[in-house]
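For reference, the chains in residue letters:
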Amino acid sequence: RVSTTDRRMSAPFSLGAVLSGHTQDVRCVAALSDGRIATGSYDSTVRIWKSEPSAEGSAQFVCTGTLVGHTSVVSAVLELPDGGLASGSLDKHVVIWDLPSSSPASVLQGHTEHVLCLGVSKSSGVVYSGSIDKSIKLWAAGACVQTLEGHAAAVWSVLPLADADARVLSASADKTVKLWLHGACALTFTGHEDAVRSLALVPDLGFISSSNDGTLRLWELGGSCLRVVQASASFVYQLGVLPSGEWLSCSEDRSLCVWDGASGVCVQAIPHPKELWACGAMANGDIVCGCGDGSAYVWTREHERAASAELASAFKASVASVGLGAQQVEGITGGFDASSLSGEDALSVPGTREGQHKMVKDEKGTPVLYQWSTASGAWDKVGEIVGSDGADGASLGKKMFRGKEYDYLFDIDIDGRSLKLPFNRGDEPWTAAHGFIMDNLENGVHMGMLDQIAQHIVANTPGYTPPPIGNADPYTSTGAYRPATAPTGVAGGGAGNVDPFTSSGAYRPPTGAPPTLAPAPPVAKAAAAPSVVFDKCKHDAVLAKLLELNSQLAADPASNDLSLSEEEVLTLKSLVEALKSGSTSRTAAQLRVFFGDESRGGLLRWPAHCLFPALDLLRLVLLCPSSVTAQLQALEPPLVDRLLTVVQPGAPSATDKAAPLMAYRCVANLLGAWSHDAACAAAHADAFKQIVAPHISKILDAISAPISDGVTTVRLAACTVLLNTTALLKGGFAASNTWLDADAAQMQCVSLCAHALGSVEAMTQPSEAEALYRVLTAFSTTLEVDSSAVELSRDLDMEAALRSLKLADGAPPKLAERVNALTSTLGAKRAKQ
């Protein structure tokens, strides 16, 4: 029996290092015998990491090589007996790497489906690979020498035994473990109630297995199950065994667990920011695990290898910032009633066991999940519970269908029969619906149902965004990040005709005859001043781009000092998670990532060609002005000046359309947020006075050029700045403050509207319909403030300019309605005068 009396077992694991560099989930890890670490990722790459002393004296892992060769997710990495490395991928290949040159030495081809796992015989060097094609292949000298068949579903794990008979264990989605001898199945282990995911050898005893049923099972090689441990309410992805004899497990519920091998009791449970795909024991007793946030984490019991207090604190904050769907929490805790939760004073009662969960309500009434840490003697925050349906929270629980794993498994009712439709996040709904129809033609499904089925997928996939088209990134097998996000607001438009630049019902020319116009209203007046904000974002894609650029800056000695530290990377990830969950609170550390401090420059100090993804996130942060007023007031130079520098003609960033576009969107959101929430603006009047008011004139000067000759997306952003400025000026809060020269700003707005409507021919092109509508709405808003705007409009002969507007054939009705209403308004006011 394995001894678990190692003296180090009494010490808890603490964070040792953060390995940041991958742009997507870290799917697999391998602890190499020389102390290095190999990680494989959804970004299709393998990275090699080496420990080096940091400036603070603690160890940090530096990426010493990136292996590029796979064309899909890297699902397994494995050290070979000769010191080499092998990797398996969803591209169906196994690659043997030449590490000195970071290039493939050989590619093993033979599987017909995804390769899921690898193993190696330390005595013979034979490599084993398991696949969704249900087979296990044995490779020697670059060739397949044998294929083992017998599983009824995908093979998730292979574990060669170090014995003279060359026996090997395999785990499968068919819920079994098989023992193979001389190419045949010698024994089948049954007991798990769902797919078996991982195997690990327990010396002198047998092996342990983990499953999608949430259990760990200890087996002896004769077939008997010696112990069953309920490790999680969700999938347990991988196992390991420490030199001390303790077991490791990592799971979908974001926890890394350390188990006493003799008793099966959880010794320590460590929550992470996202699901944990992989874990492994290092020779020195440390642990490495791969996380869904794109990082790998090293955990240690040795003080000299522990991370700095700042990095540990940043990690803890990144965990606490994650939003949890209520459905996920029910899976972890077995259900809860939010109305009956106690307040935070309940956290004064200690937990009774490691990893115990407790839910309380915070001071705002928000349900929060905590987990008991025996090591610290305290409740650690796991995350806020953000929705009853889990739509905005972290995902939990994959579904198995025909031996494959999916994020969703929909029940489609066809004439009283329930048919299964599997779907993964990132898949295209219409393609999935088409495949479902083709698979079920004999069940009465037909192509006439295509749109209905696809819309059902979209409606029931929380947070669905269409997959990107074009610009395929060969390293991620998905679309490369493109900074084209969507605004929402009151600009109007039909539910169809979605504008690819706004995604909010903006006009696209319809087919067929135009609809009959209703009589135009006599006055172009809205109940409230309209404003529009750009609030849609592909958060993960933006984060991936920021991490990619950060790696480039760190690798260049000339820009290394501009790159984010490990603590700042963790903080950035926590901010992205907070934005995704809809949280409106921001920590000082999260804002420092953008704005920097006395010692660090922040994202806004990055070179011009790196700015656009940082600005893409900043525009979301600015939507909650109350959470950033203190930082913006202290910022030098002021934020608006920094943003206008980006768009200034001749600036390095001006040659890159993406950065100016994002800068204009930041300004639009800054103004839109203040104009939308008058109560918030009034409560932070001093901040408004300092952050916004002194810069209105400069802002309006800056948007003249893009309105005149900007590309479509930039023009639309500039017109949105104009619209939101007029909305701000119309609000009683702005108009009542003497330190804002509202009259001068209003006249400037009228002049810009006159210029856009009378001199910019491009404004009447179909592609500019939404920009034109926003200018018309801005003009309408200025006329509602006071008579001075009307007088200036008369001096500029705006009525004639409106009458001479030549709208394109098939122009959206809302344009004609707005033009008619404005013309009537000016005519009526002229008659009264």
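Residues numbered from 1 in each chain as written. Predicted model: local features only at pLDDT ≥ 70, side-chain atom pairs only at ≥ 80, totals over all residues. Heavy atoms only, no water.

S.K.: Got a sec to walk through the overall build of the protein chain? Specific residues and values, please.
M.R.: Looking only at helices and strands, the protein chain has 22 helices and 41 strands in total. Across the 833 residues of the protein chain, 54% fall into the buried class. Accessible area of the protein chain: about 34,000 Å², with a carbon and sulfur share of 51%. (Helix = DSSP H or I, 4+ residues; strand = E, 2+ residues; numbered from the N terminus. Buried < 20%, exposed > 50% of the residue type's maximum accessible area, 1.4 Å probe, protein only. Areas by Shrake-Rupley, 256 points an atom, 1.4 Å probe, with all protein chains shown as cover.)

S.K.: If you had to explain the pattern of salt bridges to someone new, which residues and values would you point to?
M.R.: Scanning all chains against the criterion turns up 17 salt bridges. Between Arg 774 and Glu 770 there is a salt bridge whose closest N-O contact spans 3.2 Å. One end of the pair, Arg 774, and the other, Glu 770, are both in helix H19 (residues 769–783), four residues apart, so they sit about a helical turn from each other. For the pair Arg 774 and Glu 770, a shared accessibility class is recorded, and that class is buried. Overlapping salt bridges, with partners in common, bring together Lys 274, Asp 540, Glu 577 and Lys 580 in one network. (Salt bridge = Lys/Arg side-chain N within 4 Å of Asp/Glu carboxyl O.)

S.K.: Run through the packing of helix H18 (residues 742–759) against H19, naming residues and quoting values.
M.R.: For the pair H18 and H19, interaxial distance at closest approach is 10 Å and the crossing angle is 145°. H18 and H19 meet at a crossing whose hand is left-handed. Touching Gln 746, Cys 749, Val 750, Cys 753, Ala 756 and Leu 757 of H18 are Leu 772, Val 775, Leu 776, Ala 778, Phe 779 and Thr 782, all from H19. (Axes fitted to C-alpha atoms, helices over the stretch in contact; angles between N-to-C directions. Left-handed = near helix turned anticlockwise from the far one by under 90°. Contact = heavy atoms within 4.5 Å.)

S.K.: Explain the sheet that holds strand S15 (residues 168–172) to me, using residue names and the numbers behind them.
M.R.: Taken together, the four strands give an open sheet; going across it, the order is S14-S15-S16-S17, and neighbouring strands pair in antiparallel fashion. Unpaired on one side and paired on the other, strand S14 (155–160) and strand S17 (184–189) mark the two borders of the sheet. Direction aside, the axes of adjacent strands within the sheet are offset by 25° on average. Bridge count for S14 against S15 is five bridges, and the pairing is antiparallel. The partner of Pro 160 across the bridge, within S15, is Val 168. (Pairing = 2+ DSSP bridges.)

S.K.: I'd like to hear about the environment of Tyr 42, residue by residue, with values.
M.R.: Considering the arrangement of structural elements, one finds Tyr 42 in the loop between strand S3 (37–41) and strand S4 (45–53). What makes Tyr 42 partly exposed here is its relative accessible area of 25%. Considering only alpha carbons, one finds Tyr 42 and Val 73, 31 residues apart in sequence, at a separation of 4.3 Å.

S.K.: Explain the nonpolar core to me, using residue names and the numbers behind them.
M.R.: Formed by 103 residues in total, the largest nonpolar core has its most connected members in Leu 615, Leu 618, Leu 722 and Phe 779. With twelve residues, the top contributor of residues to this core is helix H11 (residues 658–676). Ignoring any residue separated from it by four or fewer positions in sequence, one finds Leu 618 in contact with Phe 594, Phe 595, Leu 604, Leu 639, Leu 643 and Cys 666. (Core = buried A, V, L, I, M, F, W, Y, C linked by side-chain atoms within 4.5 Å.)

S.K.: Quick rundown of helix H10 (residues 639–647)? Include the residues and the values.
M.R.: Most of H10 is tucked away: seven of the nine residues are buried. When H10 is considered as a whole, its buried residues turn out to be Leu 639, Val 640, Arg 642, Leu 643, Leu 644, Val 646 and Val 647.

S.K.: Can you explain the sheet that holds strand S10 (residues 115–120)? Please cite residues and give values.
M.R.: What holds strands together in a sheet is hydrogen bonding between their backbones, with the strands either parallel or antiparallel. The strand order S10-S11-S12-S13 describes an open sheet built from four strands, whose pairing is antiparallel. Only two strands of the sheet have a single neighbouring strand rather than two, namely S10 and strand S13 (143–149). For this sheet the average axis-to-axis angle between neighbouring strands, irrespective of direction, equals 25°. The pairing of strand S11 (residues 127–131) with strand S12 (residues 135–140) spans four bridges and is classified as antiparallel. Bridge pairing links Val 127 to Trp 139 in S12.

S.K.: Could you give me a rundown of the packing of aromatic side chains, with the residues and numbers involved?
M.R.: Enumeration over the complete set of coordinates arrives at eleven aromatic pairs. Seen from their ring centres, Phe 207 and Trp 219 are 6.3 Å apart, and the 15° between their planes marks the pair as stacked. A residue pair is termed long-range when its members are at least 10 positions apart, and Phe 207 in strand S19 (residues 206–211) and Trp 219 in strand S20 (residues 215–219) qualify at twelve residues. Judged on exposure class, the residue Phe 207 and its partner Trp 219 are both buried. Summarising the aromatic geometry, the rings of Trp 299 and Phe 315 are spaced 5.3 Å apart at their centres and angled 75° between planes, so their arrangement reads as edge-to-face. Linking Trp 299 in strand S28 (residues 295–300) with Phe 315 in helix H1 (residues 309–320), this pair joins segments that are 16 residues apart in sequence. Across the pair, exposure class does not vary: Trp 299 and Phe 315 are buried alike. Taken together, the aromatic side chains of Tyr 42, Phe 235, Tyr 237 and Trp 277 make up a single cluster linked through ring pairs. (Phe/Tyr/Trp six-rings, centres within 6.5 Å; stacked < 30°, edge-to-face > 60°.)

S.K.: For the packing of H1 against helix H6 (residues 566–581), give the residues involved together with the corresponding values.
M.R.: Two elements in contact, H1 and H6, have axes whose closest approach is 8 Å; the angle formed by their N-to-C orientations is 10°. Looking at the two axes, H1 sits roughly parallel to H6. The residues of H6 that touch H1, namely those facing Glu 310, Leu 311, Ala 314, Phe 315, Ala 317 and Ser 318, are Glu 566, Glu 567, Leu 570, Thr 571 and Ser 574. Residue composition of the contact of H1 with H6, by class: five nonpolar, three polar and three charged. (Parallel < 35°, antiparallel > 145°, perpendicular 65-115°, else oblique. Nonpolar A, V, L, I, M, F, W, Y, C, P; charged D, E, K, R; others polar.)

S.K.: Give a description of helix H3 (residues 429–439) that names residues and reports values.
M.R.: Residues of H3 that are buried: Pro 429, Ala 432, Ala 433, Phe 436 and Ile 437. End-on view of H3: buried residues confined to an arc of 140°, all on one side of the axis. (Arc of directions from axis to C-beta.)

S.K.: I'd love a proper account of the environment of Leu 700, names of residues and values included.
M.R.: Note on placement: Leu 700 falls in helix H14 (residues 696–702). Classification of Leu 700 as buried rests on a relative accessible area of 1%. Distance in space between the C-alpha atoms of Leu 700 and Ala 718 is 9.0 Å, their sequence separation being 18 residues. Sequence-distant contacts of Leu 700, defined by excluding residues within four places in its chain, comprise Leu 722, Thr 725, Ala 745, Gln 748, Cys 749 and Leu 752.

S.K.: How would you explain unusual backbone geometry if you had to name every residue and give the values?
M.R.: Positive phi, close to 80°, is recorded for Lys 175, a residue that is not glycine. By the secondary structure assignment, Lys 175 is in the loop between S15 and strand S16 (177–181). You can call Lys 175 partly exposed: its relative accessible area is 40%.

S.K.: Go over the confidence of the model for the protein chain, please, and point to the residues and values.
M.R.: In the predicted model, the protein chain carries a mean pLDDT of 80, and the fraction of residues at 70 or more is 80%. Within the model, the stretch residues 1–8 combines pLDDT values under 50 with 18 contacts to residues more than four positions away or in other chains. A low-confidence stretch, residues 463–528 (pLDDT under 50), is modelled with 143 contacts involving residues beyond four sequence positions or located in other chains. (pLDDT = per-residue confidence, 0-100.)

S.K.: For the side chain of Ser 232, give the residues involved together with the corresponding values.
M.R.: Relative to the assigned elements, Ser 232 resides in the loop between strand S21 (225–230) and strand S22 (236–241). Using a relative accessible area of 7% as the deciding quantity, one classes Ser 232 as buried. Side-chain polar atoms of Ser 232 contact the backbone nitrogen of Ser 234, separated by 2.9 Å. (Polar contact = N/O pair within 3.5 Å; in protein donor to acceptor, adjacent residues only side chain to side chain.)

S.K.: Give me the lowdown on the pairing of strand S6 (residues 74–79), citing residues and values where you can.
M.R.: Across the six residues that make up S6, a large majority, five, are buried. Where S6 and strand S7 (residues 85–89) come together, five bridges link them in antiparallel fashion. Paired with Leu 78 across the two strands is Ala 86, which belongs to S7. Two successive antiparallel strands, S6 and S7, enclose a turn made up of five residues, where Gly 83 displays a positive phi of approximately 90°.

S.K.: Run through the environment of Arg 600, naming residues and quoting values.
M.R.: Here Arg 600 shows up in the loop between helix H7 (588–595) and helix H8 (611–621). In this structure Arg 600 comes out as partly exposed when scored by relative accessible area, which is 29%. In this structure the C-alpha to C-alpha distance between Arg 600 and Leu 562, which are 38 residues apart in sequence, comes to 7.7 Å. Leaving out residues up to four positions away in the same chain, Arg 600 has contacts with Asp 561, Ser 563, Leu 564, Ser 565 and Glu 568.

S.K.: Residue-level account of the state of the cysteines, with values.
M.R.: For the structure shown, the criterion picks out zero disulfides. The thiol sulfur of Cys 279 is not disulfide-bonded, and the nearest other cysteine sulfur, from Cys 250, lies at 3.8 Å. (Disulfide = S-S within 2.5 Å.)

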